[in-house]
Amino acid sequence: MEYNIIENKDTITVKNIKDFIPKHIFECGQCFRWDKQKDGSYTGVAFNRVINVKKEGDDIIFSNTNKRDFDDIWFNYFDLGRNYREIKQELAKDDILNKAIKHGQGIRILNQDPWEILISFIISANNRIPMIKKSIKILSKRYGEYIEEYKGEKYYSFPLSNVLDDLSIEEITNCGTGFRAKYILNASKIVSSNQIDIYKLKNLSTPDARNQLMLFAGIGPKVSDCIMLFSMNKSDAFPIDIWVKRVMEYFYVDEGTKLMDIQKYAQEKFGNLAGFAQQYLFYYARELGIGRNKKR
DNA sequence: CGTCAGGTCTCTA
DNA sequence: TAGAGACCTGAC
């Protein structure tokens, strides 16, 4: 993928970029540390940096950054080396996905940090997105490192495992994590002691990586698939949350199909692109509120 | 006040 | 080995 990049003071502009719509990227459920600003742009924190992303016409402007960070961090973070046009062309052969893609054509799957994503998705279990974001924000403010103030707001990095592993259950609960606090503490101890090297899991096969992740208390099939898809470059992972379950039942499989069987179905149908299909379907289901009034 | 939300764990038959 | 029930928390 080649881009026409313009460098200015504190900003990098990528001209005429297709397949990049901030709203789709930041609101398709893969990340929790990006907030919409009054001007419609999004400000987020990742890899100890604060950055603002704004779409102007066909250009994307990255503010509060520089060419070096763009090359070293953001190019990979925003998955800019991947050709989404080809992925969408392939998936659009399926009628349902063809429609779903039209709603979320600017989605990209971010390459996020495994440790932050592992904890974030432990917190996501039986929780709501605003609450998840709030918990992560408090955790970072209390136990992360201060990064900088940007447009009147202070930003903090996500706390390291060897900081969280010293906390009490109560201290973690007090960040709004509820019953998941014990899972967070447990995971912190496993990671800080290197009992499981989560940074090496991306080198394993998807089933093997999944089995390793499921060893953590509080991580089941859905959360492990999220971790693999959003931070370990496993594009064949297919996380099935309530929305994906609904949209799959609505369009593809019988109601009451077991999650494992939906998983198998998606694996066979979408293969290596399952993760991308999941994102388009998830966004589509939420936009349309598919199955919202149905009982589980 | 119940209900319920980006699931997972525990207990029971 | 599958299925029901519990679970922090806060918004409706």
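Our structure's up above, just so we're on the same page.
Residue indices begin from 1 for each chain and proceed along its sequence in written order. Chain letters start at A and ligand numbers start at 1, both assigned in the order the entries are written. Where local features are concerned, this predicted model is filtered to residues with pLDDT of at least 70; where side-chain atom pairs are given and counted, the filter is 80 or more; whole-chain, interface and lining totals use all residues. Side-chain numbers come from the whole structure's heavy atoms, not from hydrogens or water.

Trainee: Even after reading the chapter, I still don't get the pairing of strand β1 (residues 4–8), so can you show me in this structure?
Mentor: In the case of a regular strand, side chains alternate between the two sheet surfaces. Any two strands between which DSSP finds at least two bridges are classified as paired. Secondary structure follows DSSP: runs of H or I at least 4 residues long count as helices, runs of E at least 2 residues long count as strands, and numbering of each begins at the N terminus. Bridge analysis of β1 against strand β2 (residues 11–15) gives 5 bridges, and the strand direction is antiparallel. Note that in β2 the partner of E7 across the bridge is I12. The antiparallel hairpin formed by β1 and β2 contains 2 residues in its connecting segment, where D10 sits at a positive phi of about 65°.

Trainee: What exactly am I supposed to notice about unusual backbone geometry here?
Mentor: The phi angle of most residues is negative, glycine excepted, and most peptide bonds adopt the trans form. Here the phi dihedral of N64 falls at roughly 65°; this positive angle occurs in a residue that is not glycine. Within the secondary structure layout, N64 lies in the loop between β6 (59–63) and α2 (67–77). You will see that D79, though not glycine, has its phi angle at about 60°, which is positive. Position of D79 relative to the elements: it lies in the loop between α2 and α3 (84–91). Exposure is judged per residue with a 1.4 Å probe applied to protein chains only, and the accessible area is read against the type maximum: over 50% gives exposed, under 20% gives buried, and values in between give partly exposed. For D79, a relative accessible area of 7% puts it in the buried group.

Trainee: Where do I start with the pattern of salt bridges in this structure?
Mentor: Once the charged atoms of two side chains with opposite charge are near each other, the side chains can pair. What makes a salt bridge here is a side-chain nitrogen of Lys or Arg within 4 Å of a carboxyl oxygen of Asp or Glu, nothing more. What the rule picks out here adds up to 17 salt bridges. Through salt bridges with shared partners, one network takes in D39, K54 and E56.

Trainee: Explain the protein's contact with DNA strand C to me, please; I cannot follow it from the model alone.
Mentor: In these notes, residues near a molecule or strand are those with any non-hydrogen atom within 4 Å of it. Around DNA strand C, the surrounding shell consists of N126, R128, M131, T173, G178, F179, R180 and K258. Close to the protein, within 4 Å, the atoms of DNA strand C are drawn from sugar and phosphate at a rate of 50%. The separation between a base nitrogen of DNA strand C and a polar main-chain atom of N126 is 3.4 Å. Pairs of N or O atoms within 3.5 Å make up the polar contacts considered here, provided that, within protein, one atom can donate a hydrogen while the other can accept it, and that residues adjacent in sequence are counted only when both atoms are side-chain atoms. With respect to DNA strand C, the side chain of R128 contributes an N or O atom lying 3.4 Å from a base nitrogen. Basically, the charged four are Asp, Glu, Lys and Arg, the nonpolar ten are Ala, Val, Leu, Ile, Met, Phe, Trp, Tyr, Cys and Pro, and anything else, Gly included, counts as polar. Partitioning the surface near DNA strand C into residue classes produces 2 nonpolar, 3 polar and 3 charged.

Trainee: What exactly am I supposed to notice about the sheet that holds β1 here?
Mentor: In space, the 6 strands of this open sheet follow the order β1-β2-β6-β5-β4-β3, with antiparallel pairing throughout. The sheet terminates laterally at β1 and β3 (34–36), the two strands that pair on one side only. Across the sheet, the mean angle separating the axes of adjacent strands is 20° when strand polarity is ignored. Inspection of the sheet shows β2 paired to β6 by 4 bridges, in the antiparallel sense. Its bridge partner being in β6, I12 is matched across the sheet by F62. Here α2 sits on the sheet in contact with β1, β2, β3, β4 (42–46), β5 (49–56) and β6, set at roughly 75° to β5. Between the N-to-C directions of two axes lies an angle of 0 to 180 degrees, each axis being a line fitted to C-alpha atoms and, for a helix, fitted only over the stretch in contact. Two residues qualify as a contact provided that any one of their heavy atoms is within 4.5 Å of a heavy atom in the partner residue.

Trainee: What exactly am I supposed to notice about the nonpolar core here?
Mentor: Nonpolar side chains tend to gather and get buried jointly when the protein is soluble and globular. We define the nonpolar core as a collection of buried residues of types Ala, Val, Leu, Ile, Met, Phe, Trp, Tyr and Cys that are connected through side-chain atoms lying within 4.5 Å of one another. The biggest cluster of nonpolar side chains holds 70 residues, and the ones touching the most others in it are L91, L118, F216 and F270. For this core, the element with the highest residue contribution is helix α14 (residues 274–288), accounting for 9 residues. A domain assignment, automatic or from a database, supplies the domain bounds used here. Looking at which domains feed residues into this core, each of domain 2 (85–107 + 233–296) and domain 3 (114–231) gives three or more. What F216 contacts, discounting residues up to four positions off in sequence, is L118, A187, I190, V191, I196 and I198. Among the nonpolar cores identified, the runner-up in size contains 21 residues, and I17, F26, W34 and F62 belong to it.

Trainee: Just to check I follow, could you spell out the packing of aromatic side chains for this structure?
Mentor: To describe a pair of aromatic rings, you give the distance between the ring centres and the angle between the ring planes. Each Phe, Tyr or Trp ring, with Trp reduced to its six-membered ring, pairs with another whose centre is within 6.5 Å; inter-plane angles below 30 degrees give stacked pairs, above 60 give edge-to-face pairs, and intermediate values give tilted ones. Enumeration over the complete set of coordinates arrives at 25 aromatic pairs. Aromatic side chains F32 and F121 sit 5.1 Å apart centroid to centroid with 55° between the ring planes, which places their arrangement in the tilted category. Here the residue F32 occupies a position in the loop between α1 (22–26) and β3, and F121 occupies one in helix α5 (residues 114–123), the gap between them amounting to 89 residues. The class for F32 is buried, based on a relative accessible area of 7%.

Trainee: Teacher, can you tell me more about the side chain of E116 here?
Mentor: Here E116 shows up in helix α5. Residues in contact with E116, not counting those within four places in the same chain, are R33 and F158.

Trainee: Would you mind going over the protein's contact with DNA strand B with me for this structure?
Mentor: As a structural note, the neighbourhood of DNA strand B is formed by 27 residues, with G29, G218, G220, V223 and F282 the closest of them. Near the protein, within 4 Å, the atoms of DNA strand B are sugar or phosphate in 58% of cases. In the model, a base nitrogen of DNA strand B is placed 3.4 Å from a nitrogen or oxygen of the N126 side chain. Between DNA strand B and D241 there is a distance of 3.0 Å, counted from a base nitrogen to a side-chain nitrogen or oxygen. Elements with a contribution of two residues or more to the surface near DNA strand B: α6 (129–143), α11 (221–231) and α12 (242–251). A class-by-class count of the residues in the surface near DNA strand B yields 15 nonpolar, 7 polar and 5 charged.

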